[in-house]
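If you want the building blocks of each chain, they are given just below.
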Amino acid sequence: MLIPSRRLLLLAALLAVAGIGVSFMPALATVWIAAAAVLLAAAAFDAVLALNMQTPAAHRVVPGSLPLGVGHDVGIRLANGGRLALRVTVHDHHPPAAQVEGQPQPVVVPAKGWAELRYRLRPIERGDAKFGSIELRLNSQFGLWQASRTAGEPQVVRVYPDFSELTKFAVLATDNRLSQIGVLQRRRRGEGLDFHQLREYREGDSQRQIDWKAATRMGRLISR
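Residues numbered from 1 in each chain as written. Predicted model: local features only at pLDDT ≥ 70, side-chain atom pairs only at ≥ 80, totals over all residues. Heavy atoms only, no water.

Asks: Explain the overall build of the protein chain to me, please; I cannot follow it from the model alone.
Replies: Assigned secondary structure in the protein chain consists of four helices and 14 strands. Taking all 224 residues of the protein chain together, 29% fall into the buried category. Across the protein chain, every contact between residues at least 6 apart in sequence was considered, and the portion connecting residues at least 24 apart equals 64%. Approximately 15200 Å² of the protein chain is accessible, and the part contributed by carbon and sulfur atoms is 58%. (Helix = DSSP H or I, 4+ residues; strand = E, 2+ residues; numbered from the N terminus. Buried < 20%, exposed > 50% of the residue type's maximum accessible area, 1.4 Å probe, protein only. Contact = heavy atoms within 4.5 Å. Areas by Shrake-Rupley, 256 points an atom, 1.4 Å probe, with all protein chains shown as cover.)

Right, here's the structure in full:
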């Protein structure tokens, strides 16, 4: 399917405005008719070229499963086997239950080469997320038309709960239960199960810091 580009619509609008002016200046009618004939011929020739453009191969790169509510990059790789570079606007038919950023995207695919682009997808619903085909709009050689094509294969990925968040909630819940039964976890300077060195006991040190074995050996109080 061919879609007129903004360039073609603009040229047609300018030609229409000029036609209104020609109605007041009949002497310019020949010039206007010639301009209209040139635009019509160029549009027809460009349409033939657009219809014969080779559709690039498209491949979507996405994991088989995605966590719910977490953004993830989806890659699309285009391969051009033709002898001319292609200017393409890419729109991936992503799952409806997802938020996306970076679509559609324009890209230039070199002749006998490839190009890659990425967009951001965030699933918002659990279950099977279904990707459709990838929609491509190829700009014609003169830029007067866009040829609408589809490429790539439909794909289904599984959306599961974000277990990393569940782990955080479990840790918080455990801390909360400990606090409810009177166990308070506090970090105090100089206290802990590990130590780096021993020193003589000083006023203000906690009794928990006293190393009784070392104190017995040395005959005085020793702190960790």
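Resuming the write-up.
Asks: Hey, could you run me through the sheet that holds strand β2 (residues 57-61) in this one?
Replies: Two orientations exist for strands paired in a sheet by backbone hydrogen bonds: parallel and antiparallel. Taken together, the four strands give an open sheet; going across it, the order is β2-β4-β8-β6, and neighbouring strands pair in antiparallel fashion. At either end of the open sheet lies a strand with only one pairing partner, and these are β2 and β6 (98-101). When the angles between neighbouring strand axes are averaged without regard to direction, this sheet yields 30 degrees. With five bridges connecting them, β2 and strand β4 (residues 72-80) associate as antiparallel partners. Bridge pairing in β4 places Ala58 opposite Leu78. (Pairing = 2+ DSSP bridges. Axes fitted to C-alpha atoms, helices over the stretch in contact; angles between N-to-C directions.)

Asks: When you look at the pattern of salt bridges in this model, what are you seeing that I'm missing?
Replies: Charged atoms that come close allow side chains of opposite charge to pair. Here the structure, examined in full by the defined rule, presents four salt bridges. Its salt-bridge partner being Asp73, residue Arg120 comes within 3.0 Å of it at the nearest N-O pair. Highlighted residues: Arg120 in strand β8 (residues 113-123) and Asp73 in strand β4, separated in sequence by 47 residues. Judged by its relative accessible area of 36%, Arg120 falls in the partly exposed class. Accessibility expressed as a relative area gives 33% for Asp73, which makes it partly exposed. (Salt bridge = Lys/Arg side-chain N within 4 Å of Asp/Glu carboxyl O.)

Asks: Help me understand the environment of Arg83, please; the structure alone is not making it clear to me.
Replies: Summarising the element assignment, Arg83 is placed in the loop between β4 and β5 (86-92). Each C-alpha atom of the pair Arg83 and Ala111 lies 5.0 Å from the other, and the pair is 28 residues apart in sequence.

Asks: I'm lost on the nonpolar core in this one. Help?
Replies: Across soluble globular proteins, you tend to see nonpolar side chains buried next to one another. One finds Ile76, Leu78, Val88, Val90, Val107, Leu121 and Leu136 to be the most contacted residues of the largest nonpolar core, which totals 27 residues. At the level of secondary structure, the elements contributing two or more residues to this core comprise β4, β5, β7 (105-109), β8, β9 (127-131), β10 (134-139), β11 (145-151) and β12 (155-160). One finds Leu15, Leu39, Ala43 and Trp145 within the second-largest nonpolar core, a separate group that totals seven residues. (Core = buried A, V, L, I, M, F, W, Y, C linked by side-chain atoms within 4.5 Å.)

Asks: Explain the packing of helix α1 (residues 6-24) against helix α2 (residues 29-51) to me, please; I cannot follow it from the model alone.
Replies: To describe two helices that pack against each other, one gives the angle between their axes and the distance between the axes. Axis separation between α1 and α2 bottoms out at 10 Å; the angle between their running directions is 165 degrees. In terms of axis orientation, α1 runs roughly antiparallel to α2. When the axes of α1 and α2 are compared, the crossing they make is left-handed. Packed against α1, whose contacting residues are Leu8, Leu11, Ala12, Leu15, Ala18, Gly19 and Val22, the element α2 presents Ala29, Trp32, Ala35, Ala36, Leu39 and Ala43 at the interface. (Parallel < 35°, antiparallel > 145°, perpendicular 65-115°, else oblique. Left-handed = near helix turned anticlockwise from the far one by under 90°.)

Asks: Please clarify how the sheet that holds β10 should be interpreted in this entry.
Replies: Ordered by their spatial adjacency, five strands build an open sheet running β1-β11-β10-β5-β7, and the pairing between neighbours is antiparallel. The open sheet terminates on both sides in strands that have one partner only, identified here as β1 (2-4) and β7. Each adjacent strand pair in this sheet contributes to an overall mean axis angle of 30 degrees, direction not counted. Both β10 and β11 contribute to a ladder of six bridges, which runs antiparallel. By the bridge assignment for β11, Arg137 is matched with Ser148.

The values reported here are purely geometric and, on their own, carry no functional implication.
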